[in-house]
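Structural features, examined
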Amino acid sequence: MAERVTRGSGLLEGFLARRRAAMALRLLDGAPRSGGILDVGCGRHPSFLLRSGFAERFGVDQLVPPHGLEIDGARLLHHAITPAARLPFEDHRFHAVTMLAVFEHIAPAALPPLLADTRRVLRHDGLLVITTPASWTDPILRTLARLRLVSGEEIHEHQDAYDHGRIRDHLLQAGFPDDALRFGSFELGMNLWATARP
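The sections below set out a description of the structure shown in this document. Since this is a predicted model, take the numbers as computed values, not measurements.

Next up on the list: the sheet that holds strand E5 (residues 94-100). Within a sheet, adjacent strands bond to each other through the backbone by hydrogen bonds, running parallel or antiparallel. Spatially, eight strands are ordered E3-E4-E2-E1-E5-E6-E8-E7 in an open sheet, and the strand pairing comes out mixed. Either end of the sheet is taken by a strand with one partner, and the two such strands are strand E3 (69-71) and strand E7 (181-186). Ignoring strand direction, the axes of neighbouring strands in this sheet form an average angle of 20°. Across the sheet, helix H3 (residues 111-121) is in contact with strand E1 (36-40), E5 and strand E6 (122-133); its angle to E6 comes to roughly 145°. On top of the sheet, helix H6 (residues 164-173) reaches E6, E7 and strand E8 (191-196); it is set at about 150° to E7, its chief contact.

This is the structure we're talking about:
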């Protein structure tokens, strides 16, 4: 049976999750694996965390049971992202924080405080890695969902769509310095990536 990497179902979900993970691992190439990583929106099965190679691996998601989970050394905590919710970690805890295909699922009012809190839990030399579908792909994704190639449940829960300019604005508002931001795309421009340092 195929590994369930998202809610709902879609023939391409596993492939797309592996592509996102591969891009994130490339962007994290210089991060010290002896440190800790936090994956925001990790889901119930932390496939990316398990491949990341970090000594300490944490994930947060509202889909994790209230008592939490531990899977092959990765600790998953229940956490719902709201404007008032803070990540349950101390300041400067992580060498890396990732948000892979999560940005678009967050309510617009909750995104600025989440990014500011992400900056809080990053070490001064840490790295935030974000991936999100390009804003122009929304009609394509909805068509793929109707064809059951991607999860309709996931696509219909998108809260907003982003381009690099809007991602930059949110990161600057959260306090990340402009000269510490990098942007790019993958999968023929259909997915965007961004990195930020505190």
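Attention shifts here to the environment of Ser 185. Inspection of the secondary structure assignment puts Ser 185 in strand E7. The class of Ser 185 is partly exposed, set by a relative accessible area of 42%. Residues contacting Ser 185, with those up to four places away along its chain left out, are Asn 191, Leu 192 and Trp 193.

With that settled, consider H3. Of all 11 residues in H3, eight are buried, a share of seventy percent or more. Among all positions of H3, only Leu 111, Pro 112, Leu 114, Leu 115, Asp 117, Thr 118, Arg 120 and Val 121 are buried. Buried positions along H3 lie against E1, E5, E6 and H6.

Relative to each other, H3 and H6 sit at 60°, their axes nearing to 8 Å. What the angle tells us is that H3 and H6 run oblique. Of the two elements, H3 crosses H6, and the hand of that crossing is right-handed. Of the residues in H6, those in contact with Leu 111, Pro 112 and Leu 115 of H3 are His 170, Leu 171 and Gln 173.

With that settled, the discussion passes to the environment of Thr 195. Counting through the fold element by element, Thr 195 comes out in strand E8. Sequence separation between Thr 195 and Ala 180 is 15 residues; the distance between their C-alpha atoms is 8.0 Å. If near-sequence neighbours (up to four positions away) are discounted, Thr 195 is found in contact with Leu 27, Leu 127, Leu 128, Val 129, Ala 180, Leu 181 and Arg 182.

Counted by the stated rule, this structure contains seven salt bridges. Residue Asp 125 pairs with Arg 123 through a salt bridge whose shortest N-O separation is 3.3 Å. Look at Arg 123 and you get partly exposed, because its relative accessible area is 32%. Put simply, Asp 160 and Arg 166 hold a salt bridge, and the shortest N to O gap is 3.1 Å. Look at Asp 160 and you get partly exposed, because its relative accessible area is 25%. Overlapping salt bridges, with partners in common, bring together Glu 56, Glu 90 and Arg 93 in one network.

The next thing to look at is the packing of aromatic side chains. How two aromatic rings sit relative to each other is given by the distance of their centres and the angle of their planes. What the rule picks out here adds up to four aromatic pairs. When the centroid spacing of 5.5 Å and the interplanar angle of 70° are considered together, the rings of Phe 58 and Phe 89 count as edge-to-face. On the criterion of sequence distance, the pair formed by Phe 58 in strand E2 (residues 56-61) and Phe 89 in the loop between strand E4 (74-78) and E5 is long-range, its members being 31 residues apart. You'll find Phe 58 and Phe 89 in the same group, each marked buried. A centroid spacing of 4.9 Å and a plane angle of 80° characterise the contact between Phe 89 and Phe 94, whose relative ring orientation is edge-to-face. According to the relative accessible area criterion, Phe 94 is buried, its value standing at 0%. Here the aromatic cluster, defined as three or more aromatic residues joined through ring pairs, consists of Phe 58, Phe 89 and Phe 94.

Scoring rules and cut-offs
Residues numbered from 1 in each chain as written. Predicted model: local features only at pLDDT ≥ 70, side-chain atom pairs only at ≥ 80, totals over all residues. Heavy atoms only, no water. Pairing = 2+ DSSP bridges. Helix = DSSP H or I, 4+ residues; strand = E, 2+ residues; numbered from the N terminus. Axes fitted to C-alpha atoms, helices over the stretch in contact; angles between N-to-C directions. Contact = heavy atoms within 4.5 Å. Buried < 20%, exposed > 50% of the residue type's maximum accessible area, 1.4 Å probe, protein only. Parallel < 35°, antiparallel > 145°, perpendicular 65-115°, else oblique. Left-handed = near helix turned anticlockwise from the far one by under 90°. Salt bridge = Lys/Arg side-chain N within 4 Å of Asp/Glu carboxyl O. Phe/Tyr/Trp six-rings, centres within 6.5 Å; stacked < 30°, edge-to-face > 60°.

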